[in-house]
Amino acid sequence: MEPPALTVSAAVREHLRKLCLHEFPCGTGSWNKSRFLPQTYRAWRELIPREEDAVGPGEETVDALLGLVCSPHSPWALLEGSSAEDRFLRELAIQNPLMLKDSFFYTYFRSLRVVDKQVSLVDNDLLKFVKLEELVLSANQIKEIDTTNLPPTLKVLELYGNKMTSMECLCTCPPPRLQHLGLGHNKLLGPLESLYVTSDYWPNLISLDLSFNDLTDLQGMVSGLRTLRRLRLLVLQGNPLALVPCYRGFIIDGLSGLCVLDDITVAPSEKHLFRGLSHSGDLLAHEARLVVTVGHVRGVLDSSVLDPEPGPQGPFITYSYYVTYEFVEDEEGEGDEYGRVLAEIVKPPPSTEQLGEDIPKEPIKEAEDSVGPGLASQSQSGELEESGASAPLPRPMDSAEELAKLRPRLDPRLWPSPGTVLFSTVRKPWSDVIPCNYEMQHVLKDLVRLKAFLLSGTTVTIVEEKILSWPAVPPSPNSPSAAKKGKGEKDKKGKEKDKEEKDKKGKDGKDKAGKGEREPAKEQKGSKKKKELRKDLRQDPPVLRVLGSGPVDLEPLLSGEPFMSTVCNFGVVRTLETNRLTLYRDSKKNKSEKAKNAALEARKSKTKLPAASVYESDYRPDPLTVEIQIQLIQGHSTEEALRRLVP
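Residue indices follow the written sequence of each chain, beginning from 1 at its first position. Confidence filtering applies because this is a predicted model: local features only for residues at pLDDT of at least 70, side-chain atom pairs given and counted only at 80 or more, and all residues used for totals across whole chains, interfaces and linings. Side-chain metrics rest on all non-hydrogen atoms present in the structure, leaving aside hydrogens and water.

Can you tell me about the overall build of the protein chain, naming the residues and giving the values?
Runs of H or I in DSSP of at least four residues are treated as helices and runs of E of at least two as strands, each being numbered from the N terminus. In terms of regular secondary structure, the protein chain is built from 20 helices and 19 strands. Type-normalised accessible area, obtained with a 1.4 Å probe on protein chains alone, sets the label of each residue: buried when under 20%, exposed when over 50%, and partly exposed for intermediate values. Within the protein chain, buried positions represent 41% of all 647 residues.

If you had to explain the packing of helix 5 (residues 218-225) against helix 6 (residues 247-254) to someone new, which residues and values would you point to?
Structural elements are reduced to axes, namely lines fitted to C-alpha atoms, with helices fitted over the stretch in contact, and the angle between N-to-C directions of any two is expressed from 0 to 180 degrees. Look at helix 5 against helix 6: their axes get within 10 Å of each other, and the N-to-C directions meet at 25°. In terms of axis orientation, helix 5 runs roughly parallel to helix 6. Between helix 5 and helix 6 lies a crossing whose hand is right-handed. Counted together, Leu-218, Gln-219 and Val-222 of helix 5 and Tyr-247, Phe-250, Ile-251 and Gly-254 of helix 6 form the full contact between these two elements. Residue composition of the contact of helix 5 with helix 6, grouped by class: five nonpolar, two polar and no charged. Throughout, the term roughly parallel applies to angles under 35 degrees, roughly antiparallel to angles over 145, roughly perpendicular to angles from 65 to 115, and oblique to all others. Crossing handedness: left-handed means the near helix sits turned counterclockwise from the far one by under a right angle, and right-handed means the same turn made clockwise. Note on contacts: a residue pair qualifies if any of its non-hydrogen atoms lie within 4.5 Å across the two residues. Under the scheme applied, nonpolar residues are Ala, Val, Leu, Ile, Met, Phe, Trp, Tyr, Cys and Pro; charged residues are Asp, Glu, Lys and Arg; polar residues are all the others, including Gly.

If you had to explain the sheet that holds strand 19 (residues 625-632) to someone new, which residues and values would you point to?
Two strands are said to pair when DSSP picks up at least two bridges between them. Taken in spatial order, the four strands make up an open sheet running 14-9-19-18, and their pairing is antiparallel. Edge positions in the sheet fall to strand 14 (433-444) and strand 18 (563-569), since each of these pairs with one other strand and no more. Each strand axis lies, on average, 15° off the axis of its neighbour in the sheet, ignoring direction. Alignment of strand 9 (residues 288-298) against strand 14, held across ten bridges, turns out to be antiparallel. Bridge assignment links His-296 to a residue of strand 14, and that residue is Pro-435.

Describe helix 2 (residues 62-70), and please don't skip the residues or the numbers.
For helix 2, every residue scored as buried is listed here: Leu-65, Leu-66 and Val-69. Looking straight down helix 2, one finds its buried side chains confined to an arc of 100°; they lie on one side. In this fold, the buried residues of helix 2 make contact with helix 3 (84-95). Working note: the arc is built from the helix axis to C-beta atom directions.

Give a detailed account of the side chain of Ser-9, specifying residues and quantitative values.
Residue position: Ser-9 is located in helix 1 (residues 8-18). By relative accessible area, Ser-9 is classed as buried at 6%. N or O atoms closer than or at 3.5 Å make up a polar contact, with two conditions inside protein: a donor-capable atom paired with an acceptor-capable one, and, for residues adjacent in sequence, both atoms drawn from side chains. In terms of polar contacts, Ser-9 uses its side chain to reach the side chain of Thr-7, at 3.4 Å. When sequence neighbours within four positions are dropped, the list of residues in contact with Ser-9 reads Asp-123 and Asp-125.

Which residues make up the nonpolar core, and what are the values?
One finds Leu-181, Leu-210, Leu-225, Ile-251 and Val-626 to be the most contacted residues of the largest nonpolar core, which totals 116 residues. If you tally residues by element for this core, the top one is strand 10 (residues 316-328), at seven residues. Residues contacting Ile-251, with those up to four places away along its chain left out, are Leu-218, Val-222, Leu-234, Leu-236, Leu-258 and Leu-261. With five residues, the next largest nonpolar core counts Tyr-322, Leu-414, Leu-544 and Val-546 among its residues. Here, the term nonpolar core denotes a set of buried Ala, Val, Leu, Ile, Met, Phe, Trp, Tyr and Cys residues that are joined through side-chain atoms within 4.5 Å.

Can you break down the sheet that holds strand 5 (residues 207-209) residue by residue, with the values?
Pairing in this open sheet of eight strands is mixed, and the strands run 1-2-3-4-5-6-7-8 from one edge to the other. Two strands in the sheet have a free side with no partner beyond their single neighbour: strand 1 (111-113) and strand 8 (264-265).

Kindly report on the packing of aromatic side chains, identifying the contributing residues and their values.
Pairing of aromatic side chains requires ring centres within 6.5 Å, counting the rings of Phe and Tyr and the six-membered ring of Trp. Pairs whose planes differ by under 30 degrees are stacked, by over 60 edge-to-face, and all others tilted. Taken as a whole, this structure holds 13 aromatic pairs when the rule is applied. Both rings, one in Tyr-108 and one in Phe-109, keep their centres 5.3 Å apart while their planes meet at 65°; by these two values the pair is edge-to-face. These aromatic residues form a ring-pair network of at least three members: Phe-88, Phe-104, Phe-105, Tyr-106, Tyr-108, Phe-109 and Phe-129. Here the guanidinium or amino end of Arg-427 rests over the ring plane of Tyr-322, the centre of that ring lying 4.1 Å away. Charge over a ring is defined by NZ of Lys or CZ of Arg lying within 6 Å of the ring centre and within 35 degrees of the ring normal.

How would you sum up the pattern of salt bridges? Please name residues and give values.
The term salt bridge refers to a side-chain nitrogen of Lys or Arg lying within 4 Å of a carboxyl oxygen of Asp or Glu. Taken as a whole, this structure holds nine salt bridges when the rule is applied. Note that Asp-214 is salt-bridged to Lys-451, the shortest N-O span being 3.0 Å. Linking Asp-214 in the loop between strand 5 and helix 5 with Lys-451 in helix 12 (residues 447-456), this pair joins segments that are 237 residues apart in sequence. Owing to a relative accessible area of 18%, Asp-214 belongs among the buried residues under this scheme.

Let's hear about empty space enclosed by the protein: which residues, and what values?
Cavity and pocket criteria rest on a 1 Å grid covering protein atoms alone: a 1.4 Å probe that fits but cannot get out defines a cavity, protein on both sides within 12 Å along at least 5 of 7 lines defines an open pocket, and an atom within 4 Å of a point defines a lining residue. Grid points are joined across faces, edges and corners, and a volume is the space filled by probe spheres set on the points. Tallying each qualifying case throughout the model produces one cavity of 30 Å³ or more. Each pocket or cavity is described by its volume, and for the largest cavity that value is around 30 Å³. What lines the largest cavity is simply Val-297, Val-300, Tyr-321, Tyr-322, Val-323, Ile-434, Cys-436 and Ile-462. Elements supplying a minimum of two residues to the lining of the largest cavity: strand 10 and strand 14. Tallied by class, residues from the lining of the largest cavity come to eight nonpolar, no polar and no charged.

Hey, could you go over helix 3 for me, with residue numbers and the actual values?
Relative to the 16 Å expected for twelve residues at 1.5 Å per residue, helix 3 spans 17 Å between its end C-alpha atoms, a close match to the ideal helical length. Among the residues of helix 3, those classed as buried are Asp-86, Leu-89, Arg-90, Leu-92, Ala-93 and Ile-94. Buried residues along helix 3 sit in contact with helix 1, helix 2 and helix 4 (102-108). Multiply 1.5 Å by the residue count of a helix minus one, and that product is the helix's expected span.

Lay out the packing of helix 2 against helix 3 with the relevant residues and their values.
Following both chains from N to C, one finds helix 2 and helix 3 inclined at 155°, their axes separated by 10 Å at the closest point. By the angle class used here, helix 2 and helix 3 are roughly antiparallel. Judged by the twist between their axes, the crossing of helix 2 over helix 3 is right-handed. Here Val-62, Leu-65, Leu-66, Val-69 and Cys-70 of helix 2 come into contact with helix 3, specifically with Arg-90, Glu-91, Ile-94 and Gln-95.

I'd like a description of the environment of Val-297, backed by residues and values.
Within the secondary structure layout, Val-297 lies in strand 9. Val-297 gets classed as buried once you look at its relative accessible area, which sits at 3%. Distance from Val-297 to Ile-434, taken between C-alpha atoms, is 5.0 Å for residues 137 residues apart in sequence. Beyond its immediate chain neighbours, meaning those up to four positions away, Val-297 contacts Val-323, Asp-432, Val-433, Ile-434, Cys-436, Ile-462, Leu-624, Thr-625 and Val-626.

Give a description of unusual backbone geometry that names residues and reports values.
Following Phe-24, the chain continues to Pro-25 via a peptide bond in cis, the omega torsion being 5°. Along the polypeptide, Pro-25 turns up in the loop between helix 1 and helix 2. Even without glycine at this site, Asp-116 takes up a positive phi of about 55°. Assignment of secondary structure puts Asp-116 in the loop between strand 1 and strand 2 (134-136).

Could you give me a rundown of the side chain of Asn-149, with the residues and numbers involved?
Relative to the elements of secondary structure, Asn-149 occurs in the loop between strand 2 and strand 3 (156-158). Judged by its relative accessible area of 13%, Asn-149 falls in the buried class.

Describe the pairing of strand 9, listing the residues and the values that go with them.
A regular strand carries its side chains on alternate faces of the sheet. For strand 9, the buried fraction is high: eight of the eleven residues fall into the buried class. When strand 9 meets strand 19, the two strands line up antiparallel, connected through seven bridges. Bridge pairing links Val-297 to Val-626 in strand 19.

Read these as geometric descriptors, not functional statements.
Right, dumping it as structure tokens:
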């Protein structure tokens, strides 16, 4: 059984009860009884308390009682944030408590604020407040209002943060003198709402706040508001219709008498720039355009310095880095073409893939010492083993269960939230500052979904992708082709043995110059063979690791900000040791004289790395950061708006 609805008048009575207007130090009692005589011995005019120079024993003076109410350190002081009306009633309850009757309250109040009291019903007892001009019922549970219960003297009505889905109930018998109507942060939805903002219902309306609802019909809303001749202040930000590029210009040109739009004064230059735009409403495409830009990534840990030196049979490890972000799905499947990385993450790469020059040629031995004797990898049986120079080559899978064991488990942060798509930048190799150079324009026609997404925000994630590559599996020695090949090689070896003995003397008689001329060719041949061997590699499924992930607030785009820029800071992931390893690795590859001298000094001092004191004194850890910018495209003139929005 649902609890009974809480009415406005009941909330007002409960508020007056909590003020304790008839309890100490207010009201009448033993603390001020000498100031009041029984009513049977006094005329009506003598209800005003006497001003006596002395009070009886055990009683308090008026000043002392007022001090108990007004002092912030008193236990009888009002709560912080109490209204001026509450303070006045408490003081009146001390100075003249006999005036506090129901008839006084109904004629005294010109403003009632019933905020966050779980009120759901506006009852007819509200009509007893005959002088009420301002009624604030924000942050309650009101779904509908019977306007016949509103006092006709009302000039200000605020219903922010309720559950109203339509203005139709307010138009049954609206207060004729109403000048301000606040309906922000409700659930107003549908094109019919523009029918209820006309002068037929609100002839004296000066200010209207419909912010943060679900209104989508911009052209219909302007047509209805155009009939409000006295309207000077309008707030529509936070609605889906405010996301289209022509929003501000369309309203400014359509409502010539408007002075303030979304808390921003309408400048005369704006009226000139957007002149004539409201007459082109039928040509405008009702869609929102947002541009997402991902800048530089800083503070990424170079994981390659922690890997051991690969053996002749692998594994060869490569790393790449990229940034993902969530966004509401674009129209016509643009996410499939540009940014749906979910399928790319789940789907493993082909079993065999050609690799280029990305394989490191000179891994750092010092990194191997800091990590251990080998790199732990998963074998075909599901067990962990160390892969080094003597590690066996992977064998084909025997069952789907064993294959499932080897698939990398995805981090939940790599999955998009419901109703969103995961977009990704291009994968880049490690560097101290990784330039993403990513820019993506999103065009959306479902403005209600876009508004809900902007309210919830997006999530930005920096991902490290690790790929292990292995040489191609050689043919089995027991195969017929291998046996035939082995027999042929044995016969050929016997024939070539005599030839080598005949040519031995000739080779020994050649001078050193000739030998020196042939050595580069031999080295080149070996390098070429090594290069071809490295190209013939197959890759394991990528191993993904989230380096940093965090939310990004997008609500400023709903609040009127056309541009939002932030730097996502995920904290420090580097350490002093990894930075020293990276610097030493880079110094070995650097061909400058300065790097050679530094390496020479390090060898002379019998240290594998530069002195720790050099790094410790200047070491300033850089946090892992990524630059994110999101722009809501808006037209700054009639020509620009038409050029961008005409289909």
